[in-house]
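Spelled out, the chains give:
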Amino acid sequence: MTTRPRVGRLERTRFGYGFVRVGEGEDDLFVPPFAMGTALHGDLVVARYLESRREGDAHEIVEVLERSQAGIVGRLEPRGRATLLLPERPEYPREILLTLHGRSSVPKGGRAVVRLDVKPPEPLLGTVVAVLGTDDAREDSWVVALEEGIRTEFDPQALAEAAGFDESSVARAAHARTDFRNDTVLTIDPADAKDHDDALSVRPSAHGMHEVGIHIADVSHYVSPGGALDLEAQARGNSAYLADTTYPMLPEALSGGLCSLVEGKDRLTLSVVVDLDEEGNVGKSRIVSGVVRSAASLSYPEAVRLGREGGGGIPSSLALLDRIGRGLRRRRMEEGGLDMDLPEIRASLDERGEPRVFEETKRLPTHELVEEYMLLANRIVGGRALTKELPFFYRVHERPRYDKLRAFFEAARYLGRSGAVPFVTEAKQLRRWATPGKTTRDRIVNLYLLRAMEKARYDLVDVGHFGLGMKGYAHFTSPIRRYADLANHRIVKRYLLDGSKPGGDPWAFADGWMSAGVASHISSTEMAADDAERAVLKMKAIRYAQLRLGEEARGTIVGLSSGGLFVFLEGWFIEGFLPKRAIGDPSLTLAEHGFSFRSKRTKHRFGLGDPVDVVVARADLERREIELALRTRAARRPKHPGRAKKKARGGRQGKRR
């Protein structure tokens with residue numbers, strides 16, 4: 001038990017309680033609803049020990065150090081000189097009283113996005129940063145981006161700096177680089193990809209080896225340290241890919257233009273060239289600045305089709321890359337690491353931004369093909385930086401904490417897994433507990449394992465990547481969309497290129513754009529982008545549910561809280577919440593380590609992984625909730641109405657007797 005005050009970010013839940021995230025590798029601090037004080041979701045706070053409970057220690061918020069800079073969406077009501085903000089998101093209180101700048105721009109009862117002043121924390125001060133009109137599905141991503149603090153407009157100086165480059169810049173730089181334009185260079189990306197920052201090529205080498213080129217866009221050629229583009233990219237941290245909108249890290253002139261390895265255009269690269277055989281053995285490698293011309297920009301399905309068709313040229317290259325990639329994967333899994341199969345859910349939208357259907361994206365062999373080469377390039381580059389003790393943004397992933405792993409093993413056993421629980425030191429020890437199964441129960445096991453894991457982040461100190469089972473792993477292959485990769489490219493170009501003669505102090509060279517503070521910032525912007533992606537998908541799911549009020553669905557229980565059940569609707573691929581009160585049994589209590597509700601009255605059980613028949617009862621876009629009701633036997637439509645009436649009548653007569 002720790003009694004000293006701790007500092008961290010408050011994450012409040014829709015149920016009123018919250019957790020203070022105090023740092024990597026440390027336990028989160030539980031805060032009950034009555035101990036929140038004046039703190040709001042996302043605030044930087046001081047928390048101290050309050051009391052011990054059966055569930056664990058409870059803490060209270062004693063000071064707000066900094067207000068969150070996320071936007072709060074809500075309706076505004078004047079209260080004299082003050083304003084009453086009625087937030088939509090359930091993580092916030094129902095009402096927030098504050099002094100508001102820009103209130104006159106919002107009609108009474110209108111919706112707006114409000115950003116609070118960082119200091120002073122009391123009294124609350126805020127500013128209207130956007131006025132929202134009538135409900136428009138096309139604005140979902142924009143609203144969520146403002147909520148999460150994602151920049152939606154580029155600084156004019158950054159736009160001007162990006163516009164200052166043209167195609168001639170490639171020709172001017174090409175003569176001093178390794179020329180790959182005569183090789184069959186291929187990009188393989190999602191069909192709707194907005195940028196192409198990696199490409200592959202392969203050609204025979206000596207002694208049964210193949211020379212594979214892993215070509216990465218040389219963004220650092222255009223984005224200089226300290227310039228307007230660099231400051232903008234650093235502030236954004238990464239691109240945010242939402243359901244119907246992309247907020248790129250770099251302006252379109254670069255992200256979709258000069259930096260993108262588009263088909264038929266000469267483009268500058270940093271290329272990792274490595275000798276590989278089909279068994280996954282890695283030979284010599286080198287890192288060079290290059291120039292490429294993509295022979296084809298392929299989608300993942302197109303690449304699968306061409307590779308299977310056979311023949312020379314592009315199909316031949318794809319088939320060879322696939323064989324080598326399979327060997328790399330086998331070797332990597334032998335060495336360590338963990339591969340969890342958690343399919344991605346995507347919304348198919350119409351032109352108005354309304355969801356038509358939700359679908360699981362299928363994982364194709366070409367996904368694994370590209371992934372293996374990117375992992376290899378990241379490991380080669382990161383390993384060289386580590387050996388030379390250079391400043392570098394490593395991608396680190398700590399070992400899971402014991403308490404989180406214990407919760408996972410309890411969930412896995414509840415769902416049918418068995419065996420001795422290992423003392424986990426390596427990710428590969430968890431493989432037998434994870435599963436490549438396709439059933440919802442199998443996916444729940446993997447989901448609980450993912451929740452047990454620590455979040456990957458960026459750090460100047462390499463502590464290893466637990467999930468991949470790697471040391472010296474860094475991000476290098478996506479400089480268009482990640483600032484860490486862009487910054488690492490600068491170090492690579494100055495100190496790690498083959499044949500170069502680096503000079504000067506690398507830490508002095510990296511000053512201002514590679515530091516612990518920047519690492520923390522870009523880790524947080526990445527989490528904000530992930531949160532935004534989930535939030536927009538949830539909004540689309542609510543819109544989908546609004547059109548299906550009263551409809552029945554078959555679901556699976558994927559989580560439980562003291563307030564009810566989280567249910568994944570099979571075939572719909574969305575999730576809703578079944579409140580405990582809607583089940584109509586006040587004797588329900590949590591049991592079996594919190595993985596089931598059991599009725600003291602009927603002995604009925606609602607457990608993790610169990611199927612349940614539900615009805616869509618409510619879909620509230622403002623509160624971001626899909627509420628379900630239990631589909632009772634009485635509510636089910638009888639197949640033969642006539643017989644049902646007779647049966648019902650007979651039952652009533654029997655009761656009278």
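Novice: It is not clear to me how the pairing of strand 27 (residues 596-599) should be interpreted in this structure. Could you clarify?
Specialist: In terms of strand pairing, strand 26 (residues 588-591) meets strand 27 through four bridges, oriented antiparallel. In the sheet register, T589 faces strand 27, and the bridge partner there is R598. In this structure, strand 27 lies alongside strand 28 (residues 605-607), joined through three bridges in antiparallel fashion. Counterpart to S596 in the pairing with strand 28 is G607. Connecting the antiparallel pair strand 27 and strand 28 is a turn made up of five residues, with K603 showing a positive phi of about 65°.

Novice: Where do I start with empty space enclosed by the protein in this structure?
Specialist: Sizing a probe to match a water molecule and rolling it over the atoms shows the empty space that remains. The tally for this structure, following the rule as stated, stands at four cavities of 30 Å³ or more. Taken as a whole, the largest cavity encloses approximately 50 Å³ of empty space. Around the largest cavity, the lining residues are F180, D183, S201, V202, R203, E211, G213 and V273. Elements with a minimum of two residues in the lining of the largest cavity: strand 13 (198-204) and strand 14 (210-217). Ranked by the residues each element gives to the lining of the largest cavity, the list is headed by strand 13, at three residues. In terms of residue class, the lining of the largest cavity is built from three nonpolar, two polar and three charged.

Novice: Sorry if this is basic, but what is going on with the packing of helix 6 (residues 300-309) against helix 7 (residues 314-335) here?
Specialist: Axes are the key here: two packed helices are described by the angle between their axes and the distance separating the axes. Axis separation between helix 6 and helix 7 bottoms out at 8 Å; the angle between their running directions is 100°. It follows from the interaxial angle that helix 6 and helix 7 lie roughly perpendicular. Together, A303, L306 and G307 of helix 6 and I314, P315, L318 and A319 of helix 7 make up the contact between the two elements. Partitioned by chemical class, the residues of the contact of helix 6 with helix 7 number six nonpolar, one polar and no charged.

Novice: So what exactly am I meant to see when it comes to the sheet that holds strand 9 (residues 111-116) here?
Specialist: By definition, the strands of a sheet pair up through backbone hydrogen bonds, in either a parallel or an antiparallel sense. The strand order around the closed barrel formed by five strands is 6-7-8-10-9, and the pairing between neighbours is mixed. Each strand axis lies, on average, 60° off the axis of its neighbour in the sheet, ignoring direction. Note that strand 7 (residues 82-87) and strand 8 (residues 96-101) share three bridges and pair antiparallel. Across the sheet, T83 pairs through a bridge with L98, a residue of strand 8. Its contacts with the sheet place helix 1 (residues 140-147) against strand 6 (72-79), strand 9 and strand 10 (125-132), and it is angled at close to 170° to strand 10.

Novice: Where do I start with the sheet that holds strand 26 in this structure?
Specialist: With antiparallel pairing, the three strands of this open sheet are ordered in space as 26-27-28. Two strands in the sheet have a free side with no partner beyond their single neighbour: strand 26 and strand 28. Pairwise comparison of adjacent strand axes, ignoring direction, gives a mean angle of 20° for this sheet.

Novice: What is the right way to look at the environment of G226 in this model?
Specialist: Take G226: it is sitting in the loop between strand 14 and helix 4 (228-236). Assessed through its relative accessible area of 53%, G226 is described here as exposed. Along the primary structure G226 and Y483 are separated by 257 residues, whereas in three dimensions their C-alpha atoms are 13 Å apart.

Novice: Can you walk me through the packing of aromatic side chains in this structure?
Specialist: Given two aromatic rings, their pairing is described by the distance between the two centres and the angle made by the two planes. Tallied over the entire structure, the rule returns 17 aromatic pairs. Considering the side-chain rings of F15 and Y17, the 6.2 Å spacing of their centres and the 15° angle between planes classify their relative orientation as stacked. Given a relative accessible area of 23%, Y17 falls into the partly exposed group. On the numbers, 5.0 Å between centres and 85° between planes, the contact of F165 with Y222 is edge-to-face. Remark: Y222 occurs in the loop between strand 14 and helix 4 and F165 occurs in the loop between helix 2 (156-163) and helix 3 (168-174); sequence separation between them is 57 residues.

Novice: Explain the nonpolar core to me, please; I cannot follow it from the model alone.
Specialist: Grouped burial of nonpolar side chains is what soluble globular proteins tend to show. Formed by 80 residues in total, the largest nonpolar core has its most connected members in V212, I214, Y373, F393, Y483 and V492. With nine residues, helix 8 (residues 365-387) is the single largest residue contributor to this core. Discounting residues that sit within four places of it in the chain, Y483 has contacts with D230, A233, Q234, G237, M249, R490, W513, V518 and I522.

Novice: Help me understand the packing of helix 6 against helix 8 in this model?
Specialist: At a minimum axis distance of 8 Å, the contact between helix 6 and helix 8 shows a crossing angle of 100°. Considered as vectors, helix 6 and helix 8 are oriented roughly perpendicular to each other. Contacts between helix 6 and helix 8 pair Y300, A303, V304 and R308 from the former with P365, T366, H367 and V370 from the latter. Partitioning the contact of helix 6 with helix 8 into residue classes produces five nonpolar, two polar and one charged.

Novice: How should I be thinking about unusual backbone geometry in this particular structure?
Specialist: Peptide bonds are mostly trans, and most non-glycine residues show a negative phi. Backbone geometry places H593, a non-glycine residue, at a positive phi of 60°. Following the sequence through the fold, H593 ends up in the loop between strand 26 and strand 27. One non-glycine residue, R624, lies in positive phi territory at about 60°. Residue position: R624 is located in the loop between strand 29 (611-620) and strand 30 (625-630).

Novice: How should helix 9 (residues 402-414) be read in this particular structure?
Specialist: Each α-helix turn comprises 3.6 residues. Residues three or four places apart therefore point the same way. Between its first and last C-alpha, helix 9 extends 18 Å over 13 residues, near the 18 Å set by a 1.5 Å rise per residue. Along helix 9, the residues classified as buried are L405, F408, F409, A411, A412 and Y414. In this fold, the buried residues of helix 9 make contact with helix 10 (440-452), strand 27 and strand 28. The first or second residue beyond helix 9 is G416, which carries a positive phi of 110°.

Novice: Any chance you could explain the pairing of strand 5 (residues 56-66) here in plain terms?
Specialist: Two faces make up the sheet, and in a regular strand the side chains alternate between them. With nine bridges joining them, strand 4 (residues 44-53) and strand 5 adopt antiparallel strand pairing. From the neighbouring strand, S52 faces strand 5, where its bridge partner is D57. Where strand 4 hands over to strand 5, the hairpin turn is made up of two residues, counted between the paired strands.

Novice: Even after reading the chapter, I still don't get the pattern of salt bridges, so can you show me in this structure?
Specialist: Opposite charge on two side chains permits them to pair, given that their charged atoms come into close proximity. With the rule as written, the count across this model stands at 65 salt bridges. A salt bridge links E592 to R598; its shortest N-O distance comes to 3.4 Å. Residue R598 is classed as partly exposed on the basis of its relative accessible area, which comes to 33%. In the salt-bridge network here, residues are joined through shared partners; they are R329, R332, D339, R363, E368, E371 and E372.

Novice: Sorry, what's going on with the side chain of S523 here?
Specialist: Mapped onto the elements, S523 comes out in helix 13 (residues 516-546). Using a relative accessible area of 9% as the deciding quantity, one classes S523 as buried. Within the structure, the side chain of S523 is placed 3.0 Å from the backbone nitrogen of Y458, a separation counted as a polar contact. Among residues more than four places away in sequence, those in contact with S523 are R457 and Y458.

What counts, and at which threshold
Residues numbered from 1 in each chain as written. Predicted model: local features only at pLDDT ≥ 70, side-chain atom pairs only at ≥ 80, totals over all residues. Heavy atoms only, no water. Pairing = 2+ DSSP bridges. Helix = DSSP H or I, 4+ residues; strand = E, 2+ residues; numbered from the N terminus. 1 Å grid on protein atoms, 1.4 Å probe; cavity = no way out; pocket = protein on both sides within 12 Å on 5 of 7 lines; lining within 4 Å. Points joined across faces, edges and corners; volume = space filled by probe spheres on them. Nonpolar A, V, L, I, M, F, W, Y, C, P; charged D, E, K, R; others polar. Axes fitted to C-alpha atoms, helices over the stretch in contact; angles between N-to-C directions. Parallel < 35°, antiparallel > 145°, perpendicular 65-115°, else oblique. Contact = heavy atoms within 4.5 Å. Buried < 20%, exposed > 50% of the residue type's maximum accessible area, 1.4 Å probe, protein only. Phe/Tyr/Trp six-rings, centres within 6.5 Å; stacked < 30°, edge-to-face > 60°. Core = buried A, V, L, I, M, F, W, Y, C linked by side-chain atoms within 4.5 Å. Expected span 1.5 Å × (residues − 1). Salt bridge = Lys/Arg side-chain N within 4 Å of Asp/Glu carboxyl O. Polar contact = N/O pair within 3.5 Å; in protein donor to acceptor, adjacent residues only side chain to side chain.

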